[in-house]
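Descriptive structure summary
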Amino acid sequence: MAATRVEERLRASLGLGDIQPVLFESCRGISSGGVMLLLPFLLECGLLSYREHYRPRDGGYYNFDCLFIVMAFLYLCRVKSLEQTKHLNPGDWGKMIGYDRIPEVKKLRGLVSEITGQERCAAWSADLARQWIGRENPGLYYVDGHVQVYHGALAELGKKHVSRQRLCLPGMMEYWVNSAAGMPFFFVTAEVNERMIEMLETEIVPRLLELHPVSGATREMMESDPGHPLFTLVFDREAYSPAFFKRLWEKHRVAVITYRKRVKDTWDESHFRELEVETTAGPARMRLAEQETSMAGCPAREVRKLSGDKHQTSIVTTNRVIATAQIAAYMFGRWVQENFFRYMRQEYAMDKIIQYGIDQVDGGLMVVNREYSNITYRVKKEREKLSRRKAALYNHRLLMPEHPGARSKSMEKWTWQGSVLLQEIEDTELEIKRLVEDRKAIPYKIPVSGMPLESRYTKLDQESKHLQNIVKMICYRAETALARLLEPHFSRSRDEIRALVKSIIKGQIDLRPDHENGKLEITLYPLANNRSNEAVRKIIHLLNQTRTKYPGTDLTLCYKTATI
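Residues numbered from 1 in each chain as written. Predicted model: local features only at pLDDT ≥ 70, side-chain atom pairs only at ≥ 80, totals over all residues. Heavy atoms only, no water.

Let us now look at the overall build of the chain. A count of helices and strands for the chain gives 16 helices and 18 strands. Judged by the C-alpha coordinates and their principal axes, the chain covers about 115 × 60 × 50 Å. Counting only residues that meet the buried cut, the chain has 50% of its 564 residues in that class. Counted over contacts in the chain with a minimum sequence separation of 6, partners at least 24 positions apart contribute 69%. (Helix = DSSP H or I, 4+ residues; strand = E, 2+ residues; numbered from the N terminus. Buried < 20%, exposed > 50% of the residue type's maximum accessible area, 1.4 Å probe, protein only. Contact = heavy atoms within 4.5 Å.)

Structure representation (structure tokens):
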């Protein structure tokens, strides 16, 4: 369907043709053509920087540029999987990428397999993170985990707690690093069931130490002020550990901000004062108090927020230089990362898998012994049973007959019931003791190679998932960049901008190549109201000034709006 370059396709199928060039044709009324408005943003965010890490194709009809542009356009148009391209107009989508038609699903999967076979995603991801961090120069990073739930039977994955479903389900854990504005930098994948502290210490912090730029001004501030950190990490209670915080500060001079665990005392309400705190929803008034504290011998600051119901939320930080209001703003601003996960799941199908394959886990990796966990679970259940029996015995003794010396049926029944409860308590205590003794003979952790073969841990194919996440990060950044340009034109931008961007993407366009003047004219159809059209006209003026060329051609993108 829609294939017009028949001879070139035939030669490519026989392995005789070279990569075909991009050739645009005039076309009217291309559905979802508004996505081409985001092409300059995609290129600026590094969509085609893969060329520095991957070898080009030796032959075939499409090149890798085509693959990445198609993938980015599909994700931006909310096409959740490659299979859904079966229901798209192949000719219209082909016109947008300069070919006669879009690659079929089988071809797209083949191109993905070709490029993932080079195994260069880690290098490309690190290069992109270095560029983004160097450009934004953040002093603060949010770290949080996201569970990619797995419902298949091909891989044997460890179970993780999925907070949004309140269940323990098999899946892969990804730990993401974002900016204070919620923009993603990179992520790392846990092999099996590694905790956040372990991933921070072994993966995330070493990578940030390598990627984080240290300017001359920062170095001078650190030398003049011994309390000034290199950068600050913000995360939730999962990684709370005073000893870990001390190691981070003493080894790397990295500060943390997190919630404090196991808070038992309350502060006098007279210590709290009302301060203005900047939040993602705008400035807010909060009642805050601060005191000096020490955690595992490391000096720290504790900030508490007093709520209307008198509840005190405790925050601790090893950052010595930021203001009290900033500590609260950074900690409560952690929701920008949660919102990022939610948006990526709903809009970009964050957990979708391109290739259904498994990889072997390192056999020397130490994991919790399942037999140990099973016995621990049985001990827990027996202790719960023991608590219930003791409570029942306590209530039973409160119901003792008024005349205990009397030989009545009620007294006999009461005595018999008490003896049954005592026997059950004794049996349960013996069972708990036996289980605890059996558990002592079982190692808590074993290597993966020591697990039974039928239940040995494996992992999902990470290279294809990594590639997909990189493209989706670029798409999210491109969409956000367009949204920020549109914000000044809308008073309620927080509620309207993302919806407007999606309307632009779904809009129709006319496409006309002007080879004499070296232009590719893209005419966008009008949107639903004049305010949106006026905002788009101003954005178009800015985009035309960039003089962006379509990849693989000498044609400069020239955007226009159709006359209403």
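Adjacent strands of a sheet form backbone hydrogen bonds with each other and so pair up, either parallel or antiparallel. The mixed open sheet is built from 4 strands, whose spatial order is β1-β16-β17-β18. On the outer flanks of this sheet lie β1 (27-30) and β18 (556-561), each paired with one strand and no other. For this sheet, the mean inter-axis angle between neighbouring strands, taken without regard to orientation, is 20 degrees. Note: strand β17 (residues 519-524) against β18, 6 bridges, orientation parallel. What sits directly across from Thr523, in β18, is Lys560. Of the strands in this sheet, β1 and β16 (509-514) are in contact with helix α4 (residues 90-97), which crosses β1 at around 115 degrees. Running over the sheet, helix α16 (residues 530-546) touches β17 and β18 and is turned about 165 degrees from β18. (Pairing = 2+ DSSP bridges. Axes fitted to C-alpha atoms, helices over the stretch in contact; angles between N-to-C directions.)

Moving on, we come to helix α14 (residues 462-486). Compared with the 36 Å implied by 1.5 Å per residue over 25 residues, the 36 Å span of α14 between its first and last C-alpha is a close match. Of all the 25 residues making up α14, 21 are buried; the element is thus mostly covered by neighbouring parts of the structure. (Expected span 1.5 Å × (residues − 1).)

For the rest of this paragraph, the subject is the side chain of Arg57. In this fold, Arg57 is placed in the loop between α2 (39-44) and α3 (64-76). The exposure class assigned to Arg57 is buried, which follows from its relative accessible area of 13%. Only 2.7 Å separates the side chain of Arg57 from the backbone oxygen of Tyr62, close enough to count as a polar contact. In contact with Arg57, not counting residues within four places along its chain, are Ile19, Tyr62, Asn63, Phe64, Lys107, Leu111 and Glu114. (Polar contact = N/O pair within 3.5 Å; in protein donor to acceptor, adjacent residues only side chain to side chain.)

What follows concerns the pairing of β16. For β16, the buried fraction is high: 5 of the 6 residues fall into the buried class. Across 2 bridges, the pairing between β1 and β16 is antiparallel. Directly across from Cys27, in β16, lies its bridge partner Leu511. Inspection of the sheet shows β16 paired to β17 by 6 bridges, in the antiparallel sense. Bridging from a neighbouring strand, Asp510 pairs with Thr523 of β17. Once β16 ends, the chain turns through 4 residues before running back antiparallel as β17, passing Gly518 with a positive phi of about 65 degrees.

Here the focus is the nonpolar core. In terms of nonpolar packing, the biggest core is built from 126 residues, with Leu42, Leu233 and Tyr550 touching the most fellow members. A per-element tally of this core places α3 first, with 12 residues. Beyond its immediate sequence surroundings of up to four residues, Tyr550 is in contact with Val22, Phe24, Met36, Leu39, Ile69, Met96, Ile97, Leu520, Leu555 and Leu557. (Core = buried A, V, L, I, M, F, W, Y, C linked by side-chain atoms within 4.5 Å.)

Time to look at the environment of Gly363. Within the secondary structure layout, Gly363 lies in the loop between β12 (358-360) and β13 (366-368). With relative accessibility at 28%, the residue Gly363 sits in the partly exposed group. Measuring from C-alpha to C-alpha, the distance between Gly363 and Arg456 comes to 9.6 Å, with 93 residues separating the pair along the chain. In contact with Gly363, other than residues within four places in its own chain, are Pro447, Val448 and Ser449.

Looking now at a nonpolar patch on the surface. The grouping of Leu10, Leu14 and Leu16 at the surface amounts to a nonpolar patch, some 330 Å² of accessible area in total. Take Leu14: it is sitting in the loop between α1 (6-13) and β1. Overall, the relative accessible area of 59% leaves Leu14 in the exposed class. (Patch = residues over 30% accessible without salt bridge, like charges linked within 9 Å, V, L, I, M, F, W, Y side chains within 5 Å. Areas by Shrake-Rupley, 256 points an atom, 1.4 Å probe, with all protein chains shown as cover. Salt bridge = Lys/Arg side-chain N within 4 Å of Asp/Glu carboxyl O.)

Here we take up the environment of Val177. Tracing the sequence through the fold places Val177 in strand β4 (residues 167-178). With 27 residues separating them along the chain, Val177 and Ile204 place their C-alpha atoms 8.1 Å apart. Leave out the neighbours within four places in its chain, and Val177 touches Tyr141, Tyr142, Val143, Met183, Pro184, Phe185, Phe186, Ile204, Leu208 and Gln337.

Looking now at the state of the cysteines. Applying the stated criterion across every chain, the model contains 0 disulfides. Just so you know, Cys66 is unpaired, no disulfide at all, and the nearest cysteine sulfur is the one on Cys475, 15 Å from it. Residue Cys121 stays outside any disulfide, its sulfur separated by 15 Å from that of Cys475, the closest cysteine. Exposure remark for Cys121: the relative accessible area of 0% places this residue in the buried category. (Disulfide = S-S within 2.5 Å.)

Without other data, these values stay purely geometric and don't point to any function.
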